[in-house]
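Structural overview
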Amino acid sequence: MHVHVIYTGGTIGMVDSPRGLVPGADLEGWLTRLLDRPRTPGASQGGPGPDDVTLTSLDPLIDSSNATPASWQQVIDTVRALAAPSTGPAAFVVLHGTDTLAYTAAAASYALTDLPHPVVLTGSQLPLGVLGSDAAGNVTGALVAATSGRVGGVSLFFGHRLLAGNRATKTSSWAYDGFDSPATPPLARVGAPWRWYPAPPAGTGWPVPRPYARADVVVLDLVPGITARRLEALLTPLPDAVVLRAFGVGNAPGAEPGLTRVVKEAVEAGTAVVVASQCHEARVRLGRYETGEVLTRAGAVGAGDMTLEALYTKIVFLLSQGLRGAGLSDAVGRDIAGEVT
Ligand code: ASP
């Protein structure tokens, strides 16, 4: 099976420099050497394995902390262009920095709902040239997943697990199992043989998505003692949308004088306010407590069990489709690509 690898940058291909780690490793040579070894029939019990691997390096290669919606779109456009001919690759692996890997994976999932090819993103905590690096294991795992015939859509391979791309979040800046999928089980777990689990429902799709554009979205953590004046200042001038990271199931200090008025006035002025949770594992339920109900009355909507990465990229996606205000708030709860239960 032909797999095309798209290399975007990230630690995996970085080398030391006086300014810290920067892209610069010979990724193509390394990949050739990695694949140039005897294959077990049945490719390490995970799947059939690639018999043809090609590579595109994006220009410029970036540290994923520099990624923007234009970077997400560059990956999406590259996949679409290569997937167009019927003789093109059957699957894609995207090598990406881990810092914003989950954002790109979620963003790609909304824009590629019609793509029949699996797209598996991965990266590594240590550069490929370093002894003991996780690069080889992660790239091999991503290739096995991509050619397994068992996953569609956009997924993320890291450590020893394959996760749904729009359910994943980076949980560790150092551990080799650096990603988790707090609301849904993994899609697969590496072993002999791999174990596969049922995938979340695929979502309703988005037929002809417009490209990602930069958007004015504020992500804001509530803290005990926050005042209405501070919240108002943080939201001035009003953005297109606010992700309000509240407590627990979506509770806010509603007893703080004027605080919910700030939310109400933002909503009335056309800013969508979406309430998420600061909990790693969360399902927002705004009606459960009075402290959450006040946010519903102010016109805010809940994020359900979406990760911050899935929610933020979804809001940027919906804004890029031209949705604003109440239309945007309504669409946030719609399941586009399996990102929300
Ligand atoms: N700063 C790096 C990046 O996201 C971190 C990594 O790849 O692990 O590009």
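All residue numbers refer to position in the chain's written sequence, counted from 1. Local features are withheld for residues below a pLDDT of 70 in this predicted model, meaning they are given only at 70 or higher, and side-chain atom pairs are given and counted only at 80 or more; totals for whole chains, interfaces and linings count all residues. In computing side-chain values, all of the structure's heavy atoms are included and hydrogens and water are not.

1. Thoughts on the nonpolar core
One finds V119, Y212, L311 and I315 to be the most contacted residues of the largest nonpolar core, which totals 51 residues. Contacts of I315, omitting those with residues within four sequence positions, involve V217, A241, V243, V274, L328 and V332. Joining through side-chain atoms within 4.5 Å is the link that ties buried Ala, Val, Leu, Ile, Met, Phe, Trp, Tyr and Cys residues into a set, and such a set is a nonpolar core. Here the term buried applies to any residue with accessible area under 20% of the maximum for its type, exposed to any over 50%, and partly exposed to those in between, with areas from a 1.4 Å probe on protein chains only. Judged by nonpolar contacts, the second largest core, of 29 residues, contains A91, L143, V144 and W194. Residue contacts follow a heavy-atom distance rule, with two residues in contact if any of their heavy atoms lie within 4.5 Å.

2. Quick word on helix α1 (residues 27–35)
To qualify as a helix, a DSSP run of H or I must reach at least 4 residues; to qualify as a strand, a run of E must reach at least 2; elements of each kind are numbered from the N terminus. All buried positions along α1 are accounted for by L27, G29, W30, L31, L34 and L35. Residues of α1 that are buried sit in contact with β1 (2–9), β4 (52–62), β5 (91–95) and α4 (135–146).

3. Looking at the pattern of salt bridges
A carboxyl oxygen of Asp or Glu within 4 Å of a side-chain nitrogen of Lys or Arg is what we treat as a salt bridge. For the structure shown, the criterion picks out 10 salt bridges. Across the pair R161 and D180 runs a salt bridge whose closest N-O atoms are separated by 3.5 Å. Taken together, the residues span a long stretch of sequence, with R161 in strand β8 (residues 161–164) and D180 in strand β10 (residues 179–180) at a distance of 19 residues. Across the pair E268 and K264 runs a salt bridge whose closest N-O atoms are separated by 3.0 Å. Of this pair, E268 and K264 both sit in helix α6 (residues 259–268), four residues apart, roughly one helical turn. With a relative accessible area of 55%, E268 lands in the exposed category. Given a relative accessible area of 38%, K264 falls into the partly exposed group. What you see here is one network of salt bridges that share partners, running through R167, R283 and D305.

4. A short note on the pairing of β8
By the bridge criterion, four bridges tie strand β7 (residues 154–158) to β8 in an arrangement that is antiparallel. Each residue of the ladder has a partner; that of F157, found in β8, is L162. If you look at the hairpin formed by β7 and β8, you'll find two residues sitting between the two strands, and G159 has a positive phi there, around 70 degrees. The pairing of β8 with strand β11 (residues 188–189) spans two bridges and is classified as antiparallel. Bridge assignment links L162 to a residue of β11, and that residue is A188. Strand pairing is assigned whenever DSSP identifies at least 2 bridges connecting the two strands.

5. Some details on the side chain of R161
When its relative accessible area of 18% is taken as the criterion, R161 is described as buried. In contact with R161, other than residues within four places in its own chain, are L156, F179, D180, P186, A188 and R189.

6. Quick look at the site of the ligand
If you check the shell around the ligand, you find G10, T11, D63, S64, G97, T98, D99 and S124 and nothing else. Pairing of N or O atoms within 3.5 Å defines a polar contact, subject to two protein rules: one partner must be a possible hydrogen donor and the other a possible acceptor, and residues neighboring in sequence count only if both atoms are side-chain atoms. In this structure, an oxygen atom belonging to the ligand sits 2.9 Å away from a main-chain N or O atom of T11. One nitrogen or oxygen atom from the side chain of D99 is found 2.7 Å from a nitrogen atom belonging to the ligand. Exposure was quantified through the Shrake-Rupley algorithm and a 1.4 Å probe, taking into account, for residues, occlusion by the shown protein chains and nothing else. The protein chains hide 91% of the 260 Å² of surface that the ligand would expose on its own. All residues other than Ala, Val, Leu, Ile, Met, Phe, Trp, Tyr, Cys, Pro, Asp, Glu, Lys and Arg, Gly among them, are scored as polar; the first ten of these are nonpolar and the last four charged. Each residue belonging to the shell around the ligand can be placed in one class, and the counts come to no nonpolar, six polar and two charged. Here a residue is near a molecule or strand as soon as one of its heavy atoms is found within 4 Å of it.

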